[in-house]
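Here is what each chain is made of, one letter per residue.
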Amino acid sequence: MKKLQKKVTFVGRPFPDQVMDEQKTFNQANMEMEQNQVFQDFISKNNLKNTRSCMVVFGPENFMYWYGVVAPNNIKVPQGLMKFVLPETQVAIEEKTNQNISFFSQPLNMVISQFLAAVADEGIKIYQNPGDSLTPYILQNLNLDTKKLTQELYLEDSLKN
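Residues numbered from 1 in each chain as written. Predicted model: local features only at pLDDT ≥ 70, side-chain atom pairs only at ≥ 80, totals over all residues. Heavy atoms only, no water.

A word on the pairing of strand S3 (residues 51–58). Within a regular beta strand, the side chains point alternately toward one face of the sheet and then the other, so they alternate between its two faces. Of all eight residues in S3, eight are buried; the element is thus mostly enclosed. Burial of S3 is two-sided: the residues Thr51, Ser53, Met55 and Val57 facing one way and the residues Arg52, Cys54, Val56 and Phe58 facing the other way are all buried. Looking at chain direction, S3 and strand S7 (residues 137–143) are connected through seven bridges and run antiparallel. Residue pairing for S7: valine 57 is matched across the bridge by tyrosine 137. Inspection of the sheet shows S3 paired to strand S4 (residues 63–71) by six bridges, in the antiparallel sense. The partner of methionine 55 across the bridge, within S4, is tryptophan 66. With antiparallel pairing between neighbouring strands as the criterion, S3 and S4 make up a hairpin whose turn holds four residues. (Buried < 20%, exposed > 50% of the residue type's maximum accessible area, 1.4 Å probe, protein only. Helix = DSSP H or I, 4+ residues; strand = E, 2+ residues; numbered from the N terminus. Pairing = 2+ DSSP bridges.)

Here you go:
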């Protein structure tokens, strides 16, 4: 369940936790990005139409939700989108099959807590509050062609088992 993840560049847009709806989803933010012409042009031009990603960057008391795609590290990001470079480090990884874009419409608190529970069940040490970590990231990638979802929790090297 653990692997070394190379440096990854996430391209999309961040949304503060306050835009989460009463169902604890970011559906509105996701739809906003899907309807964003700059985003659609970017994924078409860079052959990324078959993938979607979301990322949660935790802080000590809140978090930031990102929606977009994982792109090549040297990619030119157009105005209107932002990039976030995730470091090379150990990650706890879980893969699920038969997923689709509606995965990103599920309540985020449920998705994150289920994933963190699965990581803890593997005996991997994690912070009770991921925002206390030096690498406070959860990255979720969906391949729309294969319907394979990959969830990754970034781990600190100091937490080696």
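That shown, we press on.
Once that is clear, we can look at the pattern of salt bridges. All told, the structure shown has four salt bridges when counted by the stated rule. In this structure, arginine 13 engages glutamate 32 in a salt bridge whose closest nitrogen and oxygen atoms are separated by 3.1 Å. Taken as a pair, arginine 13 in strand S2 (residues 8–16) and glutamate 32 in helix H1 (residues 27–34) lie far apart in primary sequence, 19 residues in all. Take arginine 13: its relative accessible area is 24%, and that puts it in the partly exposed class. Judged by relative accessible area, glutamate 32 falls into the partly exposed class, the value being 37%. (Salt bridge = Lys/Arg side-chain N within 4 Å of Asp/Glu carboxyl O.)

To continue, consider the layout of surface pockets. When its volume is computed, the largest pocket comes out at roughly 150 Å³. Around the largest pocket, the lining residues are Asn50, Thr51, Ser53, Val70, Asn141, Leu142, Asn143, Lys148, Thr150 and Glu152. Along the lines of polarity and charge, the residues of the lining of the largest pocket split into two nonpolar, six polar and two charged. (1 Å grid on protein atoms, 1.4 Å probe; cavity = no way out; pocket = protein on both sides within 12 Å on 5 of 7 lines; lining within 4 Å. Points joined across faces, edges and corners; volume = space filled by probe spheres on them. Nonpolar A, V, L, I, M, F, W, Y, C, P; charged D, E, K, R; others polar.)

As a further point, take the confidence of the model for the protein chain. It should be kept in mind that the predicted coordinates are not to be read in detail where pLDDT is low. Chain-level statistics for the protein chain give a pLDDT mean of 92 and a share of 97% at 70 or above. Within the protein chain, the lowest mean pLDDT, 88, falls on strand S1 (residues 2–5), and the highest, 97, falls on helix H2 (residues 37–45). (pLDDT = per-residue confidence, 0-100.)

Here the focus is H2. Along H2, the residues classified as buried are Phe39, Gln40, Phe42 and Ile43. Seen end-on, H2 carries its buried residues on one side only, within an arc spanning 160°. Seen from the open side of H2, the exposed residues pointing more than 90 degrees away from its buried face are Gln37 and Lys45. Where H2 is buried, its residues contact S2, H1, S3 and S4. Its side-chain oxygen placed 2.8 Å from the backbone nitrogen of valine 38, asparagine 36 serves as the N-cap of H2. (Arc of directions from axis to C-beta. Contact = heavy atoms within 4.5 Å. Polar contact = N/O pair within 3.5 Å; in protein donor to acceptor, adjacent residues only side chain to side chain.)

As a further point, take empty space enclosed by the protein. Within this structure, the stated rule accounts for two cavities of 30 Å³ or more. When its volume is computed, the largest cavity comes out at roughly 80 Å³. Here the lining of the largest cavity is built from residues that sort into nine nonpolar, two polar and one charged. Reported here for the second largest cavity is a volume of approximately 60 Å³.

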